[in-house]
Every structure is written in structure tokens, then in C-alpha cells.
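The lines below spell out each chain.
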Amino acid sequence: MSGPSDMPSMPYGQMRDQALGNRSIHTQLMEMVLSLRQTVEDNITQLMTRHQQQELALEKQRHNQAVRDQEAFLGHLMFQMLHYLQSGATGDQSFQPPDTSMDSRVNVGGGQQAQSSRQILVYQRSDFEDTLISYDLSNRGIDISALYHSSFQDYTYQGNKYHKDENTLGYINLGTSEKKICIDLLAERLSRTDMLYIDEDLLQYPDWRGQPFLRKEVARFLTSDCKAPARLDPENVVVLNGCSSVFSTLAMVLCDPGEAFLVPTPSHGGFILSTHLYAKVELVPVHLESQVTEASAYPFQLTVDKLEQALLRAKIEGKKVRGLVLSSHQNPLGDIYSQDSVMEYQEFGKKYNVHVIIDEFYMLSVFDEAIPFHSVLSLESLPDPNKTHVTWGTSKDFGISGFRFGTLYTRNREVASAVSSFGYLHSISGVTQYKLCQLLQDREWVDNVYLPIYRFRLQEAHGYITDKLKVLKVPFLNRGSGLYVWINLKQYLDPCTFEEELLLHCRFLDNKMILSRGKTFMCKEPGWFCLIFAARPLLLRSAIQWFHQVLVEQGQDWGVKQLEDAKKEEASTSQPAAPASLTLRKS
Amino acid sequence: MFILPQKDSGTPTTSPGSVSTQGLHSNHGDGLEREGSGKPDQKPLKLYGVGDPTAMFSSDSPYLSSRGSIIKWFWDSAEEGYRTYHMDEYEDENPSGIINLGTSENKLCFDLLSRRVSPGAPLGGIPSCKGLSSLGFLGTLAPESLLLASASVRSSALLSPVCPQLSQSDMLRVEPSLLQYPDWRGHLFLREEVARFLSFYCRSPAPLKPENVVVLNGCASLFSALATVLCEVGEAFLIPAPYYGAITQHVYLYGNVRLVCVYLDSEVTGLETRPFQLTVEKLEMALEGANSEGVKVKGLILINPQNPLGDVYSPGELQEYLKFAKRHELHVMVDEVYMLSVFEESVGYHSVLSLERLPDPQRTHVMWATSKDFGMSGLRFGTLYTENQDVATAVSSLCRYHGLSGLVQYQMAQLLRDRDWINQVYLPENHARLKAAHTYVSEELRALGIPFVSRGAGFFIWVDLRKYLPAATFEEEKLLWRRFLDNKVLLSFGQAFECKEPGWFRLVFSDKTHRLRLGMQRVRRVLEGKSQEPRGPHR
């Protein structure tokens, strides 16, 4: 957008004339911000309408995208400012309504676009405190919308993505498992004419469990890829619009509000959202440790012992645990459970009468051939088949999260029926179901084109990133599967706390890199980060350079801090060992 | 549509019964149980009813949570008619199969749509005679729109000159951005198109804005999301009954929100000018009644054009209802999913978005979808328009669970922007076919001496079969419904719409002529008493 600097001048001037009275500085600031926002909005509207006259549809879309990016970014800044102001204005830090409530206040004065910002401000001023509370939403609605803005990725990143040519100052996202590593293959496959088909059934109300042809294909696909001992039954398949939906519905039908699932941590943050947002189900973490001890043969090993301890603790706290959520491979560790372990966890489930939900989203993303992946569905006999529920989707293994497809396989007809009740609310377009079916059906393409290239590219990217990490002396975990490495940056934290972890995370952000930090995976030990490597080589190269840069800066600060500490305690004789980062700086 | 039969208690909804299993607010539960004995059969003057889906539920499961068992009940019970139908659908190869006059789908324009949505795809249906003649329209269109309404290469010799390659690129575009995590509100290009589309077809006084649009996979999801973000657990929405019964499930499953029925009468009395007319007085009484039972009402649901009545609200009426809502600080959710299916020109339809001034724009939320107006219930596209950014944002947060594929979003945008095709091909043809089918069925009904309500909107006629019930009970209504089913025609019975008078049925007429004729023959046979008696208790 052109000339952002001149935007606030006009309304700001107007406002000062009328506003400088006996009002508090906060109110004035608030008005400034609001008018700034209004101006930005007007500007964008203008840009859009002007552009609508042009003809090229694609060009227009791109332009609109750019406008939206700007809007999102500016909007985010505004919200942040408002948020600070508002906490200052109320003088009560504990009261933190969602940012969005501020947004609506702009409209409350009359709601129509015809309203001038001045009129709105008059309304605003009349009851400043009240403007901070949303009257329109229920309490749970406020919680839900707070989540919308709580994620930096959703907001600023979407508005400002790094691009090697177009936006070299944009953000590089190594934090969410959004992967573009094979998007070219998928785009090509989905463009073929066999995807173009429609019949009356696809346009009419479907079977809410998923179209029979798709459930049949999913059963066939899983039978083959999970190496099931017997053919899987399409009647046990429920198809919904994404794995989040599958989790949400399972949480609904297996738990009552306030009941809990056990989940080994660190664990993918998406679970928390999906079990909480609608279903209000709690997660009881089974904390795993990086330390290798007698009990755990490798870092973050999940043992039945730990499961039992967590279960016991939950019981003591009065929590009712209804299930255990496992993912294999485990996001973010990249662990793949051995057949024996899977069996043990199942036995644990049976012994304590809890459901076992196993997420196998990454089952095709094992790129190291030395590592055997064993699906739960490959087991000859399950300890408690009626309480074993397997989920899979195409978001990760095929990298088409925009397709919205997730599936549940369960032999428990009651659970399948109950989940199917939600089919209406989590349905997939018939046209999309057809395409998915075509995709899964094309074994030739999946086995001989897609998977070999996909795994090769993963392996390459993994090799590249782990080599770099080794050079940087950053410890990491990864076992040859998945899209990320779990890295340990403890050595850059002083002291090693979650506060410092957050600060480092922010330092990455300041340097336009998004890395998910351990805390968001409910990791118990500060200092772990998740680094996605499933990106194209060019992006990865820039990313690792930036990453290096941040660590160098962090190391320098670390050094300065050490020096200051040393000065303060001159008497002290025991200097801590120089951190690895100091060596880095020289290199 | 999906009908929601109730357990055979004969009580529609007025008995709230036990609510404890759902963790509803306890202050509602106790009060309600004492109040909850009134059945509409016993108290015919009951003007409202607080719905409680849990009252209908009894079984328990070792695998499911309490709410899970209730949720499962919805699945099991909803299946009855639907499942019977799917096991024995009428097809050319199965002429003795069941004719579905129960599900509200438009099966009249598939030929037009399949060409538009997927050029190059084989045709699933044979256009009616009228349909074929109207295809002549295409000859007069600009080349660009020809591309859009282009040929089904395999089956339509009429349109063969059109270049199929071009037409394919129209609907089958796969860009990486469409395959990745979307903006949960929906892709901007689609929200812009929806805003333009609604501005035009709702005749809004000012252009509608894309930022007020949220896109998701159908209006069912929208009801669910709105219920969740506007109400606490156990709170309620007002809804004039009879109404599209599936809404009960939509607001309940996740939201745990109940519906308070505003019962409408078939009798025309006093101020009312037509059967089942909604008046502010009735709204006030229902609201007061719910309040007196300790039920907190947060909003009002209006369906316009109405399902199952096929009625439309005048701008004056709309204003009154909206003012009522404003007085009581209620949100109004206006479901306009049949907005373009008003086939009788004399019926002046007015979208709520066409009103010059909304009494309470921040609490007015409009819903639309392509399921009905474009006969694509399987495509799963619905949209919310609200000026309230709090609500838009909160609903968007839930769109993580109600998203639709990027490729479908692209196709939708293409469809909605094709104004020429919509205005010159699709809508005229669709309305003509709806009108013809409606005329046929209403004449059949008149010949049978059966009263009905229908004003020329929607896909259905609300039929008064009260005189065919030996006793005015919902048991008898259900028996008659079964007799229809036994004679291979599926209708929807009034109780599924929370109608308080037993004996009303919804008959969907938007089907191909041959099926419709056969369906009506079967209806006639049942009503003229030539029907087979129920064969066994399982039926």
C-alpha cells in the first residue's frame, strides 16, 4: 500500500481539535488508534473498489491478497496497541478481554460504514470501560474468539509470508506443519481430467458418514498402507472435514465436559484446541523427559510406568480420565512406537478401561527406510478393539490441508454412530469426496510417483538441516520420519526458564522467523523448539541463515550478560563454561 | 432434508423432562421439571414450548459419555425414514422403490448445474421438455458466458461448438494456495464474491462488505457455531413452529442450546390474515413464558422464505420482528436459504439485507447457502453475513472445524460471479420448473379436496391431512406416515417440524415429473383408502 505514513494525519488532526479537553491521555490515545484504524480501512476499501474496475481476474486476486496482507498486518498492530492501552487504561492487568472486542466497538456506534470515525468516538467516550466487554458473545464465545487472535501464525504470518522474490522481508514459518515440499506434485495430479466428474449424488445430501465410495476406498487404502491382517470394513470408517473435526467429535462422544484424556507431552498443540474449543475436555499431560535414565532407554520415552503415574495423579486430583491419546509418529518428537510399545499402551488402556485414540497422520511420512512403521491396524489382535480408535488424514501425508479431509477407523459401532451425528456439521463436499477417492485409488501414482519423490525430498531436506544443526552444535532429536526436528536451545537460555524461552521465541519473530516453542507443546523442560524442515531448499537455506543469525545474537547477549554478572560478583571465582554460541560467533 | 422423528411419546417438545445428564444450568433443570408435564394434546392452548432433546433419550452405553449417548441417539433416530428410503430407492431399474417426497432437495435443475459446475462431465439427468427448449438461451449469450454454461461434451449435441478445454480451466483450477491451510473465514476471493452476490440478489441499499462474510460448510454448521458463541450451555433461541426440525440438532449437538417454539396456528383469527401467521404478540408471549420458566433466551431464528410453510415475510413484518428482538436485546438469525427459490413472481420477497435500516444491525445475522437455491446440498457451502465483528470472528474461530476445501471455494466463486448464467439461464429455468411442478401437485391436491398452505416459495407444500387421522394424535400422524412409506412414498410428518397440530405433512414437489407423478399416485392411493395395510410391527 502506498504512503502509510500520511494515513493518520487527517482524522488525527480533527480529533485533536475536539478531543483535547479534560480527558485522560489514555482516551486520547485510544481515539488516535481507532481513527488510524478507520483510515486504514477506508484506504483499503478505496484501493479495492478502484481495482474492481480492472479486468484481469487473477491479477485482481493477487492485488487483493496484497491488500489483505497489509490489512491483517496493520490490524494486528492496532490490536496490540489497543490492548496495551486498554490494560493501562483500566489499570487492571488481569482483565484481558480478547482483542476482537475492541474491533466491534468501532462498529457499535451505528454499525454502518457511513459512520464517521468521529461519531464512533463520541460513543466510545461515553462509557470507556464498557467498551472493553463484548455484549454480544457468550462467555464461551469470548474464549473461542480469543483463540482466533492468540496465534501469531494465524494473524501476522498469513499477512506477511516470506517469498524469495516478492517478499524477502516476510516471515518464514518453520513452526506449523504447513508443508509445501510436494505441492507441485499434488497440484499436477489434482488438475488431471479424471478429477472432473460430477453426478447427481455428489450434489445431493450425502451419507453423513461419508460417501460409500469414499469410505470403501479409505478402507482399502488403510488396509494396504497399514498392512492390516484382514480387509478393513468400510462400515467402520467415518469421514469428516479434517482431523481436528475427528478429534473434536471424539472428545464430545467419549467425554463429558470436564473429563480428561491422557496425552504424552511434548505433544502437538492442535489436540488441546480440538478437545477444548467445543468439547471442553481437559488434557492430562504425561510428562516425558529428555534425560535418559534406567526407566527410559531414549529421550522422551513413553513408558507404561509413566502412564500409570499420570493416571494415578489425575485420579487423586479428582479428574475422570476417559482416554489416552497417542500419535505415532509422535509430533513433535518424530518418534515411532515399536510394535511392542504399541501393544503395551493398548494393554494399559484395557487394564484401566480407557479408550485409546491413535493418530497416525504421518504414517506415510517415514523417509528413513531403516525405521519400520507399525500401524495399530496391522496388529493381529487388539487388546480392546472396541476402545481403539485410529485417525488419519491427508493434511500431512499428502500436504493438502486445504482439502479438509480426516477419517476415523473404529470397530465400535456406537462410537462410529455417535461421531456420524456430527457428519452434518463436519461434512465434506461431494465433489471433494470424489477427488479424494480418485487420489487414493491411484495406487500407481501414489506408490510410484508421489511417495518416492516425497520421501526423497524429505530425506534431503532433513539431511540438509541436520547437517547444519550439527555444525551449529545444536542438539536435536529426530528419528527419520515426519516434517520437523525437535531441537534443544537450552544453552542459549539464561536462566533456563519458560520466560527466557518465550524471549528467544520473540527474538526469532523479530527476525521474521516463526519457530514453535516447547511450551506450546506442553513440554515440561524449557528450551526445546520445533523446527520444520519440510520446505523447499531455497527457503530452507534462507531460514537456516536467519536461524544462525539469531543464535549468534542470542549468544552475544548471553556473553554480555555473563560479563555483567561477573562484574557484579567480582568476588566470584567460578566462571561458567563458555557457551557454544561464543564459539559460533567466531566461526 | 433430514427429518428428526421423535420417540413415540406423542409429545412434541413441551415436556422438558430430565435435563441433568447434559450438565445444563441447574437453575433451569429444577424449575423445568415441575413445569414440564403439559402435553399439547391436553393443553391445546399452549402457545410455546421449551424444547429439550434429552427428554427423548433413554439408553446408555458403556463406551460413550452421557452426552455421547444422546448424540448417538440423534443419529439412530434420524435414520429411520432416511435409511428405509436408501435401502429401497426408486430408480428406473427399481420402479417399485420408494419415491422421496420428504427430503427438501431441488432435483429439477441438475442438468443445468452439472454443465456449469463440471463441464465435460456426463449428464446425470434428462432435461424436461421445457428445459430442452430453454437451452436455446445459450445461443444468445456472450462467448464468455458460453464458456461458463458450456457443453457437456459427451451428452449434449446441442452445445457441441463450445470449446471444452476452455471450459475445463474454468472449474478445475488447482493452485497451491487452494491446497494449504486457508484463512478460516474463507478465501478472500470467495468472500468478495459472496458480498457482491448478496448485495445484488438481496438488493442491499449499500454494497455489502467481504469482511462481514464468513464462509463454511453449510448452514447446519453455522447454526451450530452461532449457538455456541451466542449462548451459554442451556440457554435458548426462539423459533416460530412449525420449523425445519434439523435445527434442533444443529444448535444442540455442540452448543447444548435449546429451542423455544413459538407455536403458530392453522386457524385464522383476529389480527391474523393467513394460516400459521407469526405475530409479535405470539413472540412476546413465548418469550415471557420461557422467561417465567427460567429459560434464558438469547435470540430469535427466522426462516425466510419459511420452511415448511413456503411463506415469506413482508418488509413490514420483518421490521416488527426485528424491533421485537431489539426491545429484548435478542440476536436475530435470519435463514434465507430459499431466497432465490421464490418461483411465484407475485410474491414479493424481501431479504432482511434489503431493509434500509436494520433496527439492530449488530444483532442481525443473515445466513445463506447454495444447498437449496442452487440445488447443491451435497456441495456443502454456507455463509454468514453479519456486521458484528465479534460474532464474525468467534464463528471464524470455529471454522477450523467447519471448513470447506479450497478447490470447492474456488468453484463457488466461479459460480457466483457468473451473473449472466444465473440470471439468464439458471434462475428463469429453475423457477419455471419449480412452478410447473408446484402447479401439478397443487392441482392434484385440490382434486383430492385436500387443503394446503403454499405461497409460491421453496420446494414444498404444507399439506393438511388432519381429516385422514381417526384421532387427532401424533401416533395417528406417525401411522399415516408409515402407511405412506409402506406404499413407497416418503413424506415428512408435522411432528418433525414441531407442529403442534397433528395431521400436517410436508410434501416436496421439486422432483422430476415421472417420479412426482408416481409419488402423487401413491399418495392418492393411500388417502383414498386403497392402500396396503401396515404389514407388521417392524414397519
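Residues numbered from 1 in each chain as written. Chains lettered and ligands numbered in written order. Predicted model: local features only at pLDDT ≥ 70, side-chain atom pairs only at ≥ 80, totals over all residues. Heavy atoms only, no water.

Caption draft 1: Layout of the overall build of chain B. Helix and strand counts for chain B stand at 18 helices and 14 strands. Looking at chain B residue by residue over its 539 residues, the buried ones come to 69%. (Helix = DSSP H or I, 4+ residues; strand = E, 2+ residues; numbered from the N terminus. Buried < 20%, exposed > 50% of the residue type's maximum accessible area, 1.4 Å probe, protein only.)

Caption draft 2: Structural detail: the overall build of chain A. If you tally the helices and strands in chain A, you get 20 helices and 13 strands. Counting over 587 residues, chain A shows a buried share of 59%. A separation threshold of at least 6 residues defines the contact pool for chain A, and within that pool the share at least 24 residues apart is 73%. Carbon and sulfur atoms provide 52% of the accessible area of chain A, an area that totals close to 24,000 Å². (Contact = heavy atoms within 4.5 Å. Areas by Shrake-Rupley, 256 points an atom, 1.4 Å probe, with all protein chains shown as cover.)

Caption draft 3: Fine view of the sheet that holds strand S14 (residues 504-508) of chain B. All names here are of chain B. Spatially, S10-S11-S14-S13 is the arrangement adopted by the four strands of the open sheet, whose pairing is antiparallel. Edge strands, defined here as strands with exactly one partner in the open sheet, are strand S10 (452-453) and strand S13 (492-493). Direction of pairing for S13 relative to S14: antiparallel, over a ladder of two bridges. Within S14, the position partnered with Ser 492 by the bridge is Arg 506. Packing of helix H17 (residues 474-486) onto the sheet brings it into contact with S13 and S14, and relative to S14 it is tilted by some 30°. (Pairing = 2+ DSSP bridges. Axes fitted to C-alpha atoms, helices over the stretch in contact; angles between N-to-C directions.)

Caption draft 4: A look at the pairing of strand S3 (residues 213-216) of chain B. Residues and elements named next belong to chain B. Burial along S3 is two-sided: the face carrying Val 213 and Val 215 and the face carrying Val 214 and Leu 216 are both buried. Alignment of S3 against strand S9 (residues 382-386), held across four bridges, turns out to be antiparallel. Residue pairing in the sheet places Leu 216 in a bridge with Gly 382 of S9.

Caption draft 5: Representation of a negative patch on the surface. The grouping of Asp 201 of chain A together with Glu 91, Asp 92 and Glu 93 of chain B at the surface amounts to a negative patch. Residue placement: Glu 91 of chain B occurs in the loop between helix H2 (66-87) and strand S2 (99-100). (Patch = residues over 30% accessible without salt bridge, like charges linked within 9 Å, V, L, I, M, F, W, Y side chains within 5 Å. Salt bridge = Lys/Arg side-chain N within 4 Å of Asp/Glu carboxyl O. Lys, Arg positive; Asp, Glu negative; His and termini not counted. Charge placed at Lys NZ, Arg CZ, Asp CG, Glu CD.)

Caption draft 6: Molecular detail of helix H9 (residues 219-230) of chain B. Residue and element names in this part refer to chain B. A rise of 1.5 Å per residue sets the reference length of H9, with its 12 residues, at 16 Å; its end C-alpha atoms lie 16 Å apart and thus fit the reference within 8%. For H9, a buried count of 12 out of 12 residues is recorded, marking the element as mostly surrounded by other parts of the structure. Cys 219, Ala 220, Ser 221, Leu 222, Phe 223, Ser 224, Ala 225, Leu 226, Ala 227, Thr 228, Val 229 and Leu 230 are the residues of H9 that are buried. (Expected span 1.5 Å × (residues − 1).)

Caption draft 7: Fine view of the pattern of salt bridges. This model, assessed by the stated rule, comprises 41 salt bridges over all chains. Among the salt bridges present, the one from Arg 443 of chain A reaches Asp 447 of chain A, with a minimum N-O distance of 2.9 Å. Residue Arg 443 of chain A and its partner Asp 447 of chain A are located together in helix H17 (residues 443-471), separated by four residues, close to a single helical turn. What makes Asp 447 of chain A partly exposed here is its relative accessible area of 34%. A salt bridge links Arg 466 of chain B to Glu 501 of chain B, with the shortest nitrogen-to-oxygen separation between them at 3.1 Å.

Caption draft 8: Structural detail: the nonpolar core. Residues Phe 398 and Phe 547 of chain A together with Leu 238, Phe 374 and Val 395 of chain B are the most contacted members of the largest nonpolar core, which totals 316 residues. Take this core: its biggest share by element is 10 residues, from helix H16 (residues 419-447) of chain B. (Core = buried A, V, L, I, M, F, W, Y, C linked by side-chain atoms within 4.5 Å.)

Caption draft 9: Broad picture of unusual backbone geometry. Cis rather than trans, the peptide bond between Asn 331 of chain A and Pro 332 of chain A has omega equal to 10°. Relative to the helices and strands, Pro 332 of chain A is located in the loop between strand S5 (321-327) and helix H14 (339-351). Residue Pro 242 of chain B is bonded to the preceding Ala 241 of chain B through a cis peptide linkage, with omega at 10°. With respect to the helices, strands and loops of the structure, Pro 242 of chain B is situated in the loop between strand S4 (236-241) and helix H10 (246-253). Located in the positive-phi region is Asn 353 of chain A, a residue other than glycine, with phi close to 55°. Assignment of secondary structure puts Asn 353 of chain A in the loop between H14 and strand S6 (355-359). Even without being a glycine, Asn 256 of chain B presents a positive backbone phi close to 55°. Look at Asn 256 of chain B and you get buried, because its relative accessible area is 7%.

Caption draft 10: Structural view of the interface of chain B and chain A. Contacts between chain B and chain A engage 103 residues on the former and 102 residues on the latter. Between chain B and chain A, a total of about 8,800 Å² is buried, with carbon and sulfur atoms accounting for 55% of that surface. The largest per-residue losses of area from chain B upon contact with chain A belong to Tyr 63, Tyr 254 and Tyr 401 of chain B, which jointly make up 10% of the total buried on that side. Along the contact surface separating chain B from chain A lie one salt bridge. Asp 136 of chain A is the partner of Arg 363 of chain B in a salt bridge, and the nearest nitrogen-oxygen pair spans 3.6 Å. Joining chain B to chain A, the criterion identifies 51 residue pairs in polar contact (both at pLDDT 80 or more). The set of elements that each furnish at least two residues to the side of chain B that touches chain A consists of H2, helix H3 (110-117), helix H7 (176-179), helix H8 (188-201), H9, H10, helix H14 (389-398) and helix H15 (406-417) of chain B. No other element matches H2 of chain B, which puts nine residues into the side of chain B that touches chain A. Partitioning the side of chain B that touches chain A into residue classes produces 47 nonpolar, 34 polar and 22 charged. (Buried area = accessible area lost by both parts, 1.4 Å probe. Polar contact = N/O pair within 3.5 Å; in protein donor to acceptor, adjacent residues only side chain to side chain. Nonpolar A, V, L, I, M, F, W, Y, C, P; charged D, E, K, R; others polar.)

Caption draft 11: Here's a closer look at the confidence of the model for chain B. All names here are of chain B. The predicted model of chain B has a mean per-residue pLDDT of 81, with 77% of residues at 70 or higher. Segment residues 1-45: pLDDT under 50, and 121 contacts once partners within four positions in sequence are set aside and those in other chains are kept. Scored below 50 in pLDDT, residues 120-168 makes 71 contacts in the model with residues more than four places away or belonging to other chains. The ipTM for the predicted assembly is 0.81, set against a pTM of 0.79. (pLDDT = per-residue confidence, 0-100.)

Caption draft 12: Geometry of the sheet that holds strand S7 (residues 388-393) of chain A. Residue and element names in this part refer to chain A. With mixed pairing, the seven strands of this open sheet are ordered in space as S2-S8-S7-S6-S5-S3-S4. In this open sheet, the two edge strands, each paired with only one partner strand, are strand S2 (237-240) and strand S4 (282-287). With strand direction ignored, the average angle separating the axes of adjacent strands in the sheet is 25°. Relative to S6, S5 runs parallel, the two sharing five bridges. Counted as the bridge partner of Gly 323 is His 355 from S6. Here helix H10 (residues 212-225) sits on the sheet in contact with S2, S7 and strand S8 (406-410), set at roughly 115° to S2. Each of strand S3 (260-265), S5, S6 and S7 is contacted by H14, which is oriented at about 150° to S6, the strand it contacts most.

Caption draft 13: Inspection of the environment of Glu 345 of chain B at higher detail. Note that Glu 345 of chain B resides in the loop between strand S7 (331-335) and strand S8 (364-369). Placed 160 residues apart in sequence, Glu 345 of chain B and Arg 185 of chain B show a C-alpha to C-alpha distance of 35 Å.

Caption draft 14: Fine view of H8 of chain B. All names here are of chain B. An ideal rise of 1.5 Å per residue puts 20 Å on 14 residues; H8 measures up with 20 Å between its terminal C-alpha atoms. Of all 14 residues making up H8, 12 are buried, and the element is well covered by its neighbours. For H8, the set of buried residues is Leu 188, Phe 189, Leu 190, Arg 191, Glu 192, Glu 193, Val 194, Ala 195, Phe 197, Leu 198, Ser 199 and Tyr 201. Among the residues trailing H8, Arg 203 stands out with phi positive, at a value near 50°.

Caption draft 15: Spatial organisation of the confidence of the model for chain A. All names here are of chain A. Looking at chain A, the pLDDT average stands at 77 and 69% of residues meet or exceed 70. Contacts of residues 1-23 to residues separated by more than four positions or lying in other chains number 28 contacts, the stretch itself having pLDDT below 50. The model gives residues 48-56 a pLDDT under 50, and that stretch makes nine contacts with residues more than four places away or in other chains.

Caption draft 16: Layout of the packing of aromatic side chains. Taken as a whole and assessed by the stated rule, the structure comprises 45 aromatic pairs over all chains. With 5.1 Å between their ring centres and 75° between their planes, Trp 481 of chain B and Phe 493 of chain B make a pair best called edge-to-face. Remark: Phe 493 of chain B occurs in strand S13 and Trp 481 of chain B occurs in helix H17; sequence separation between them is 12 residues. Using a relative accessible area of 1% as the deciding quantity, one classes Trp 481 of chain B as buried. Through successive ring pairs, a cluster of aromatic residues spans Phe 221, Trp 392, Phe 398, Phe 405, Trp 445, Tyr 450 and Tyr 454 of chain A. Geometry around Phe 498 of chain A places Lys 519 of chain A over its ring, the cationic atom sitting 4.6 Å from the centre. Seen from the ring of Phe 200 of chain B, Arg 419 of chain B lies directly overhead, with NZ or CZ sitting 4.8 Å from the centre. (Phe/Tyr/Trp six-rings, centres within 6.5 Å; stacked < 30°, edge-to-face > 60°. Lys NZ or Arg CZ within 6 Å of the ring centre and 35° of its normal.)

Caption draft 17: Fine view of the packing of H17 of chain B against helix H18 (residues 513-527) of chain B. All names here are of chain B. The N-to-C vectors of H17 and H18 enclose an angle of 130°; their axes lie 9 Å apart at closest approach. Classified by the angle between their axes, H17 and H18 sit oblique to one another. Here the hand of the crossing between H17 and H18 comes out right-handed. Contacts between H17 and H18 involve Leu 480, Arg 483 and Phe 484 on the former and, on the latter, Val 523, Val 526 and Leu 527. For the contact of H17 with H18, the residue count by class is five nonpolar, no polar and one charged. (Parallel < 35°, antiparallel > 145°, perpendicular 65-115°, else oblique. Left-handed = near helix turned anticlockwise from the far one by under 90°.)

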